Amino acid sequence: MLSSDERLVERCLHGDDSAWEGIVNTYGRRIYNLSYRYSSRTDEAEDLTQEIFIRVYQNLKSFRTDAGSFHNWILKVGRNLIIDRYRQARRFQQSAGTEEMETMNLKDDKVPNPQRAAEQAEAARFLREGLQKLSPELKEAIILRDLEGMPYQEIASLLSIPEGTVKSRINRGRLELAKLLSKRRVQMGS
Amino acid sequence: MECPNIEGRLSEYAERSLPPEEMAQVAEHLHACSSCSTLLEEMRIILLTCKSFPSLDLDVNLLERILLRTSGRPRTRTWREKLNEYIVRPLLTPRFAVGAVLSLLFISLTVTLVRPRVPVVASLVSPTEWIHRLDRGVQGIYAEGLRAYDKKNEWQAQFTFLKNNVFHKLGFMIEQLDVPVQTNGKQKSGEPRQQQDKNPGQKSSMLLLPT
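Only a predicted model underlies this, so the values are computations on that prediction, with no experimental measurement involved.

Cut-offs and rules
Residues numbered from 1 in each chain as written. Chains lettered and ligands numbered in written order. Predicted model: local features only at pLDDT ≥ 70, side-chain atom pairs only at ≥ 80, totals over all residues. Heavy atoms only, no water. Helix = DSSP H or I, 4+ residues; strand = E, 2+ residues; numbered from the N terminus. Contact = heavy atoms within 4.5 Å. Areas by Shrake-Rupley, 256 points an atom, 1.4 Å probe, with all protein chains shown as cover. Phe/Tyr/Trp six-rings, centres within 6.5 Å; stacked < 30°, edge-to-face > 60°. Buried < 20%, exposed > 50% of the residue type's maximum accessible area, 1.4 Å probe, protein only. Core = buried A, V, L, I, M, F, W, Y, C linked by side-chain atoms within 4.5 Å. Axes fitted to C-alpha atoms, helices over the stretch in contact; angles between N-to-C directions. Parallel < 35°, antiparallel > 145°, perpendicular 65-115°, else oblique. Left-handed = near helix turned anticlockwise from the far one by under 90°. Nonpolar A, V, L, I, M, F, W, Y, C, P; charged D, E, K, R; others polar. Salt bridge = Lys/Arg side-chain N within 4 Å of Asp/Glu carboxyl O. 1 Å grid on protein atoms, 1.4 Å probe; cavity = no way out; pocket = protein on both sides within 12 Å on 5 of 7 lines; lining within 4 Å. Points joined across faces, edges and corners; volume = space filled by probe spheres on them. Lys, Arg positive; Asp, Glu negative; His and termini not counted. pLDDT = per-residue confidence, 0-100. Buried area = accessible area lost by both parts, 1.4 Å probe. Polar contact = N/O pair within 3.5 Å; in protein donor to acceptor, adjacent residues only side chain to side chain.

> Can you lay out the overall build of chain A for me, pointing to particular residues and giving the numbers?
For chain A, the count of helices and strands is nine helices and zero strands. In chain A, the succession of helices and strands from N to C terminus is α-α-α-α-α-α-α-α-α. Intrachain contacts of chain A at a sequence separation of at least 6 include 62% that bridge at least 24 residues. Approximately 9,600 Å² of chain A is accessible, and the part contributed by carbon and sulfur atoms is 47%.

Spelled out as structure tokens, the structure:
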């Protein structure tokens with residue numbers, strides 16, 4: 001029994017363009033946000049999203065239903081491309097701290113007042129800056145677990161590492177961020 | 001447990017995924033160690049911040065670019081987008097605004113010129129008025145028919161009167177003229193004579209009519 005994603009892929013492989021549009025509609029936002037978490041820049045995230053989907057479209061034939069879900073496959077393709085880019089150009093370090101505040105275009109419209117919105121924007125900025133200071137492995141683990149909300153098993157499958165390593169990386173990443181936050185508070189207090 | 005050991009379990013403790021025994025041990029340490037409990041507090045803040053981290057919406061232009069660069073087919077528009085694209089957006093253009101103003105001017109001018117004739121025009125095109133007209137026409141035809149019938153009756157009465165009068169007068173004249181003829185026994189012609197001979201007492205008015 002094929003899932004809805006797999007049916008879409010099958011239709012897409014048979015030349016149905018509307019099925020491909022369905023795939024892009026389903027995963028576009030997810031891939032875009034994943035790219036944004038890694039790059040912290042909307043323009044880079046857009047470029048990455050575009051390239052990821054081009055790669056997915058070109059490699060759609062290589063997807064095998066017995067090797068896992070399409071959801072995992074597309075995330076793996078996206079993650080691999082992002083990491084490749086990272087390794088090639090070291091763009092993330094270069095762009096660290098240059099990100100403009102993303103106060104517009106936010107999904108969360110439940111912000112009660114401007115003060116709360118400003119606090120959230122400040123926290124988001126701290127998190128972005130903190131993530132840039134982490135090593136790539138820790139950053140990736142934090143992004144996948146705490147920002148994307150993926151389960152440990154899925155992260156382990158995606159990164160092709162043991163689950164224990166995933167947990168360890170996540171714990172270390174969180175600890176580093178917590179220490180950064182603590183240091184920041186000390187600096188602000190003094 | 002020492003602080004480094006606690007730090008290694010802090011993440012799982014925050015997620016409450018440690019076994020109960022270890023949860024108790026970590027909790028005991030945190031109760032006694034202020035630096036570790038502060039670290040846990042900061043970690044919880046980090047987790048909360050991660051949960052409220054902004055999620056961006058995918059721009060439709062990006063979606064369009066992706067589709068054009070992959071399948072080459074443009075994005076399918078929803079009916080709302082079509083409405084916006086073909087109706088709402090054109091309505092908000094300066095060109096439409098100028099057109100609308102000119103149209104309003106034209107309409108107001110036309111109304112000003114036509115208004116005095118509006119009741120006449122309205123009566124010409126009104127269905128009620130058409131029914132009334134039709135009704136009046138039928139009534140007129142019926143009245144003409146009645147008049148013609150009355151005229152015919154009148155003529156008929158006059159003719160009858162005249163006819164009766166003429167016949168009456170003629171009858172009277174005939175009666176006046178139809179008196180017994182006193183003959184002196186002379187026969188004027190053959191046939192009447194024979195009749196007279198046959199019916200000597202019968203009166204013949206025909207013979208008395210003037211020739």
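After that view of the structure, there is still more to cover.
> Let's hear about the packing of aromatic side chains: which residues, and what values?
Residue and element names in this part refer to chain A. Taken as a whole and assessed by the stated rule, the structure comprises six aromatic pairs over all chains. Both rings, one in Tyr27 and one in Phe70, keep their centres 5.6 Å apart while their planes meet at 70 degrees; by these two values the pair is edge-to-face. Taken together, the residues Tyr27 in helix H2 (residues 17–39) and Phe70 in helix H4 (residues 70–89) connect sequence positions 43 residues apart. With respect to burial, Tyr27 and Phe70 carry one shared label: buried. Where Phe63 meets Trp73, the ring centres are 5.5 Å apart and the plane angle is 55 degrees; that geometry is what we call tilted.

> Any details on the nonpolar core? Residues and values, ideally.
If you look at the biggest cluster of nonpolar residues, it comprises 60 residues, and the most contacted ones within it are Ile23(A), Phe70(A) and Ile74(A). The greatest single-element share of this core, amounting to 10 residues, is contributed by H2(A). Aside from chain neighbours lying at most four places away, what touches Ile23(A) is Leu8(A), Val9(A), Cys12(A), Gly28(A), Phe53(A), Phe70(A) and Ile74(A). Ranked by size, the runner-up nonpolar core spans 16 residues in total, among them Ile6(B), Tyr13(B), Leu30(B) and Cys33(B).

> For the packing of H2(A) against helix H4 (residues 60–70) of chain B, give the residues involved together with the corresponding values.
Relative orientation and spacing of two packed helices are given, respectively, by the angle between their axes and the distance between those axes. Closest axis-to-axis distance for the H2(A)/H4(B) pair is 11 Å, and the angle between their directions is 130 degrees. Considering their axes alone, H2(A) and H4(B) lie oblique with respect to each other. The way H2(A) lies across H4(B) gives a crossing that is right-handed. Every residue of H4(B) that contacts H2(A) at Trp20(A), Glu21(A), Val24(A), Asn25(A) and Tyr32(A) is listed here: Leu62(B), Leu63(B), Ile66(B), Leu67(B) and Thr70(B). Among the residues forming the contact of H2(A) with H4(B), the class breakdown is seven nonpolar, two polar and one charged.

> Let's hear about the packing of helix H2 (residues 20–32) of chain B against helix H3 (residues 34–51) of chain B: which residues, and what values?
Residues and elements named next belong to chain B. Packing of H2 against H3 brings their axes to within 6 Å, and their N-to-C directions diverge by 110 degrees. As the angle between them shows, H2 and H3 are arranged roughly perpendicular. The way H2 lies across H3 gives a crossing that is left-handed. Touching His29, Leu30 and Ala32 of H2 are Ser34, Cys36, Ser37 and Leu40, all from H3. Here the contact of H2 with H3 is built from residues that sort into four nonpolar, three polar and no charged.

> Would you mind going over the pattern of salt bridges in detail, with residue names and values included?
With the rule as written, the count across this model stands at 25 salt bridges over all chains. Arg11(A) is the salt-bridge partner of Asp16(A), the closest N and O atoms lying 2.9 Å from each other. Relative accessible area serves as the criterion here: at 41%, Arg11(A) is assigned to the partly exposed category. Put simply, Glu7(B) and Lys179(A) hold a salt bridge, and the shortest N to O gap is 3.7 Å. With Glu7(B) in helix H1 (residues 3–14) and Lys179(A) in helix H9 (residues 163–189), the pair connects residues from two separate chains. Under the relative-accessibility criterion, Glu7(B) is labelled partly exposed at 21%.

> If you had to explain the layout of surface pockets to someone new, which residues and values would you point to?
One number sums up the size of the second largest pocket: a volume of about 300 Å³. Around the second largest pocket, the lining is made up of 14 residues, and of these Ala123(A), Leu181(A), Arg185(A), Ile45(B) and Thr49(B) lie nearest the centre. Per-element accounting of the lining of the second largest pocket gives the leading share, six residues, to helix H6 (residues 114–133) of chain A. Broken down by class, the residue content of the lining of the second largest pocket amounts to six nonpolar, three polar and five charged.

> Can you break down the side chain of Glu154(A) residue by residue, with the values?
With respect to the secondary-structure elements, Glu154(A) resides in helix H8 (residues 152–159). One buried charge, Glu154(A), has no salt-bridge partner; the nearest side chain with opposite charge is Arg30(A), at 5.1 Å.

> Could you give me a rundown of the confidence of the model for chain A, with the residues and numbers involved?
Residue and element names in this part refer to chain A. Mean pLDDT over chain A works out to 82, with 84% of the residues at or above the 70 mark. Confidence scores differ between elements of chain A, with helix H5 (residues 91–94) showing the lowest mean pLDDT of 48 and helix H3 (residues 42–58) the highest of 93. Contacts of residues 94–111 to residues separated by more than four positions or lying in other chains number 33 contacts, the stretch itself having pLDDT below 50.

> Which residues make up the interface of chain B and chain A, and what are the values?
Facing 34 residues of chain B, the contacting portion of chain A comprises 43 residues. Here chain B and chain A share an interface that buries about 3,900 Å² over both sides, 63% of which is from carbon and sulfur atoms. Looking only at chain B, the three residues that lose the most surface to chain A are Ile46(B), Phe53(B) and Leu56(B), adding up to 19% of its buried area. Counting across the interface, chain B meets chain A through eight salt bridges. Linking Glu42(B) and Arg185(A) is a salt bridge whose minimum nitrogen-to-oxygen distance equals 3.7 Å. Our enumeration of links across chain B and chain A arrives at 16 residue pairs in polar contact (both at pLDDT 80 or more). Mapped by element, the contributors of at least two residues to the side of chain B that touches chain A are H1, H3 and H4 of chain B.

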